Amino acid sequence: MDLGSVFIAVAGVAGTLGGSLLTQRASERAKRREIELVREHEEGSENLALRRTSYVELNRDARQFTTALSQFLHVMQERRVEEADRAELDEAKRTHRDTYSQAQLIVPDDVLACASAVNKALNRVYGQVKRLDREEPKPGETIATAFGAQAEVWELLKNLRTLMRRDLGVASVSDDASVRLPTQLADPRI
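Keep in mind that what you see is a predicted model, and the values were worked out from it rather than measured.

## Overview of the overall build of the chain
Broken down by element type, the chain carries six helices and zero strands. Ordering the α and β elements of the chain from the N terminus gives α-α-α-α-α-α. Within the chain, buried positions represent 31% of all 190 residues. Residue pairs at least 24 apart in sequence account for 72% of intrachain contacts in the chain once pairs closer than 6 positions are excluded. Carbon and sulfur atoms make up 55% of the accessible area of the chain, which amounts to about 12,100 Å² in all.

Following this line, the structure appears as structure tokens:
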């Protein structure tokens, strides 16, 4: 056997082995990429489910707090406020506070800005209601102005709900047109 034939045989064997190694490496790379894509998809689905749960809770608890403020104001108009009324309002406030605190760590910035505007408006109305209950209102604070401020929260809640629905991909085009940013809604005089 001559030396040229040996080189050709060695090159053939090396080429065959090298080709199978390259094929194996490419296959491993493709499998790693596939696993990575599946993991990214699962994380995205988990993140969406987490946001959806947070949005449901935030919407529910903000609406319940708003309703509790309205009910408390009606009680103030109709009869003497009792401790049970105060406890119910304070519980609605605590529940909203806890839900809002969780949402602060989960929701995207645009939704958080609107949720923050809702939270601030609710706390302003709550402060006004508590001062009226203690019979220590600030100048200009009356049950009527508290009702007005509380009613304005509903518009903020509508915008928050629309932003949350948009983020989840369920908002309609007409929903998008009606959204105003928190800076357009906030009135520091309230």
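And the narrative resumes.
## Quick look at the packing of helix 3 (residues 109-133) against helix 4 (residues 143-168)
Look at helix 3 against helix 4: their axes get within 9 Å of each other, and the N-to-C directions meet at 160°. By the angle class used here, helix 3 and helix 4 are roughly antiparallel. The way helix 3 lies across helix 4 gives a crossing that is left-handed. Among the residues forming the contact of helix 3 with helix 4, the class breakdown is 19 nonpolar, four polar and two charged.

## A short note on the packing of aromatic side chains
Within the structure shown, the criterion is met by one aromatic pair. Positioned over the ring face of Tyr126 is Lys93, at 5.1 Å from the centre of the ring.

## Looking at the pattern of salt bridges
Taken as a whole and judged by the stated rule, the model has eleven salt bridges. For Asp61, the salt bridge identified is with Arg60, shortest N-O distance 2.9 Å. Residue classification places Asp61 among the buried positions, given a relative accessible area of 2%. Residue Arg60 is classed as partly exposed on the basis of its relative accessible area, which comes to 38%. The salt bridge partner of Arg131 is Glu141, with a shortest N-O separation of 2.5 Å. Of this pair, Arg131 sits in helix 3 while Glu141 sits in the loop between helix 3 and helix 4; the two residues are ten residues apart in sequence, bridging distant segments of the chain. Grouping residues by exposure puts Arg131 and Glu141 together as buried.

## Topic: helix 4
In this model helix 4 runs 38 Å from its N-terminal to its C-terminal C-alpha over 26 residues, within 8% of the 38 Å that 1.5 Å per residue would give. Among all positions of helix 4, only Ala146, Phe147, Ala149, Gln150, Val153, Leu156, Leu157, Asn159, Leu160, Thr162, Leu163 and Met164 are buried. Positive backbone phi, at 85°, marks Gly169, one or two positions downstream of helix 4.

## Brief notes about the environment of Glu152
Among the structural elements, Glu152 can be located in helix 4. Relative accessible area serves as the criterion here: at 44%, Glu152 is assigned to the partly exposed category. Spatially, the C-alpha atom of Glu152 lies 8.4 Å from that of Ala121, the residues being 31 residues apart in sequence.

Definitions and limits used
- Residues numbered from 1 in each chain as written.
- Predicted model: local features only at pLDDT ≥ 70, side-chain atom pairs only at ≥ 80, totals over all residues.
- Heavy atoms only, no water.
- Helix = DSSP H or I, 4+ residues; strand = E, 2+ residues; numbered from the N terminus.
- Buried < 20%, exposed > 50% of the residue type's maximum accessible area, 1.4 Å probe, protein only.
- Contact = heavy atoms within 4.5 Å.
- Areas by Shrake-Rupley, 256 points an atom, 1.4 Å probe, with all protein chains shown as cover.
- Axes fitted to C-alpha atoms, helices over the stretch in contact; angles between N-to-C directions.
- Parallel < 35°, antiparallel > 145°, perpendicular 65-115°, else oblique.
- Left-handed = near helix turned anticlockwise from the far one by under 90°.
- Nonpolar A, V, L, I, M, F, W, Y, C, P; charged D, E, K, R; others polar.
- Phe/Tyr/Trp six-rings, centres within 6.5 Å; stacked < 30°, edge-to-face > 60°.
- Lys NZ or Arg CZ within 6 Å of the ring centre and 35° of its normal.
- Salt bridge = Lys/Arg side-chain N within 4 Å of Asp/Glu carboxyl O.
- Expected span 1.5 Å × (residues − 1).

Function cannot be read off these values alone, since they describe shape.
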